[in-house]
Amino acid sequence: MGKKFKAKNIEKLDNPLRRKVLPPKKIIKELGIQGGLHIADVGCGIGYFTIPLAEQTGEKGKVYAIDINPIMLNEIKKRVDKENITNVEIIHSAENNFRLKGKSVDIVFTSTVLHEVDSPSKFLKECKRVLMGNGKLFILEWNKIEEKIGPPIHKRIDIETTKKFVIDVGFKVKKTINIGNSFYIVDSLNY
């Protein structure tokens, strides 16, 4: 969740190439996210997905921008304030404690975070704890391929391993979605 990230690297998280290969609004639309939902964007970084999620959920919805890195949270606060977005709550968390009440969100969304956590099992149990019954978990991760962008291949988690992780903590995998060559999403249901 951005433990070692430095302020000088913010431009890596939001640039034209990234927006081309990982278009946030298109992905949110494809996931069928509706207005009025409460969403935890865990490992929100600079708000790459948080801001489009907040726009999609509207004023009746709420997005919890959750990260362990104060540099990231400071950047998202600037962006939210600049765009006058009122349905985002910024939360400085621990890796396996999102500082949310149990069963308080409809969706947990996490983008390129699972490969960074120390314990996928503990992290996913925390996702399950904060989700309402029948809530959805969306995990967006890097495909386990060698590329010039993103983490090295040895840090990436293949799609089958991610599916096993979520099943092992009690989620039901609904489907997987490929996003170009670089990314996939595991769409799971809390039950």
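Residues numbered from 1 in each chain as written. Predicted model: local features only at pLDDT ≥ 70, side-chain atom pairs only at ≥ 80, totals over all residues. Heavy atoms only, no water.

### Some points on the overall build of the protein chain
The criterion, for reference: The numbering of helices and of strands both runs from the N terminus, where a helix is a DSSP run of H or I of at least 4 residues and a strand a run of E of at least 2. Every radius of gyration here is taken over C-alpha atoms, with the globule rule written as 2.2 Å times N^0.38, N being the number of residues. Exposure is judged per residue with a 1.4 Å probe applied to protein chains only, and the accessible area is read against the type maximum: over 50% gives exposed, under 20% gives buried, and values in between give partly exposed. Residue contacts are counted whenever heavy atoms from the two residues lie within 4.5 Å of one another. Using a 1.4 Å probe, the Shrake-Rupley method yields the accessible areas, and only the shown protein chains count as cover for residues. Think of it this way: Lys and Arg go in the positive column, Asp and Glu in the negative one, and His and the chain ends go nowhere. One atom stands in for each charge, and that atom is NZ of Lys, CZ of Arg, CG of Asp or CD of Glu.
Each helix and strand in the protein chain was counted, giving seven helices and seven strands. Mapped from its N terminus to its C terminus, the protein chain presents α and β elements in the order α-α-α-β-α-β-α-β-β-α-β-α-β-β. Its C-alpha atoms give the protein chain a radius of gyration of 15 Å, near enough to 16 Å, the size a compact globule of 191 residues would have. With the C-alpha coordinates of the protein chain rotated into their principal frame, the extents come out at 40 × 40 × 30 Å. Considering the protein chain as a whole, with its 191 residues, one finds that 51% of them fall into the buried category. In the protein chain, 69% of the contacts between residues at least 6 apart in sequence involve partners at least 24 apart. Accessible surface, the protein chain: about 9600 Å² in total, of which carbon and sulfur atoms supply 52%. For the protein chain, the centre of its 34 positive side-chain charges and the centre of its 23 negative side-chain charges are spaced 1 Å apart.

### Overview of helix α7 (residues 159-168)
Our working definition: Whenever a nitrogen or oxygen atom comes within 3.5 Å of another N or O atom, the pair is scored as a polar contact, on the condition that within protein one atom can donate a hydrogen and the other can accept it, and that pairs from neighbouring residues in sequence are kept only if both atoms are in side chains.
The opening residue of α7 is Asp 158, an N-cap whose side-chain oxygen sits 3.1 Å from the backbone nitrogen of Glu 160. Directly beyond the C-terminal end of α7, a positive phi value near 105° is found at Gly 170.

### Comments concerning the packing of aromatic side chains
We count it as follows: Pairing of aromatic rings covers Phe, Tyr and Trp, the last through its six-membered ring, and needs centres within 6.5 Å; plane angles under 30 degrees mean stacked, over 60 mean edge-to-face, and all others mean tilted.
In the structure shown here, the tally under the stated rule is four aromatic pairs. Arranged with centres 4.7 Å apart and planes meeting at 50°, the rings of Phe 49 and Phe 109 form a pair that is tilted. Here Phe 49 is found in the loop between β1 (38-42) and α4 (50-57), whereas its partner Phe 109 is found in strand β4 (residues 105-111), with 60 residues between them in sequence. Residues Phe 49 and Phe 109 agree in their burial class; the two are buried.

### So, the pairing of strand β6 (residues 171-179)
Convention followed: Paired strands, in this sense, are two strands between which DSSP finds at least two bridges.
Where β6 lies against strand β7 (residues 183-190), eight bridges are found, and the strand directions are antiparallel. Counted as the bridge partner of Ile 179 is Phe 183 from β7. The loop that links β6 with its antiparallel partner β7 comprises three residues; one of these, Gly 180, has a positive phi angle of about 60°.

### A few points about the nonpolar core
Here is the rule: The definition of a nonpolar core used throughout is a set of buried Ala, Val, Leu, Ile, Met, Phe, Trp, Tyr and Cys residues joined through side-chain atoms within 4.5 Å.
Residues Phe 49, Phe 109 and Leu 140 are the most contacted members of the largest nonpolar core, which totals 28 residues. Counting residues per element, the ones that place at least two in this core are α3 (24-30), α4, β2 (62-67), α5 (70-82), β4, β5 (131-142), β6 and β7. Excluding residues that lie within four positions of it along the chain, Phe 109 makes contacts with Leu 31, Ile 39, Ala 40, Asp 41, Val 42, Phe 49, Leu 53, Phe 138 and Leu 140.

### Section: the state of the cysteines
Threshold: Two cysteine sulfur atoms make up a disulfide if the distance between them is within 2.5 Å.
Counted according to the given criterion, the structure contains zero disulfides. Cys 44 carries a free sulfur, and the closest cysteine sulfur to it, the one in Cys 127, is 13 Å from it.

### Quick word on the environment of Glu 146
As for its position among the elements, Glu 146 is in the loop between β5 and α7. Sequence separation of Glu 146 and Asp 158 is 12 residues, and the distance between their C-alpha atoms is 12 Å.

### A word on the UniProt feature "domain: Methyltransferase type" (unreviewed entry) in the protein chain
For clarity, the threshold we go by: UniProt positions are given in the numbering used here, feature names are shortened, and annotations may be inferred rather than shown by experiment.
Summarizing the sequence annotation, UniProt attributes the feature "domain: Methyltransferase type" (unreviewed entry) to residues 41-139 in the numbering used throughout. A distance of 10 Å separates the end C-alpha atoms of residues 41-139, which is 32% helix and 29% strand.

### A look at the sheet that holds β5
The line we're drawing: Structural elements are reduced to axes, namely lines fitted to C-alpha atoms, with helices fitted over the stretch in contact, and the angle between N-to-C directions of any two is expressed from 0 to 180 degrees.
The strand order across the open sheet built from seven strands is β3-β2-β1-β4-β5-β7-β6, with neighbouring strands paired in mixed fashion. If you trace the sheet from one side to the other, it starts and ends with β3 (88-92) and β6, each paired once. Across the sheet, the mean angle separating the axes of adjacent strands is 20° when strand polarity is ignored. As judged from the seven bridges shared by β5 and β7, these two strands associate in the antiparallel manner. Looking at β7, one finds that Leu 140 is bridged to Ile 185. Contacting β2 and β3, α5 crosses the sheet at an angle of about 165° to β3.

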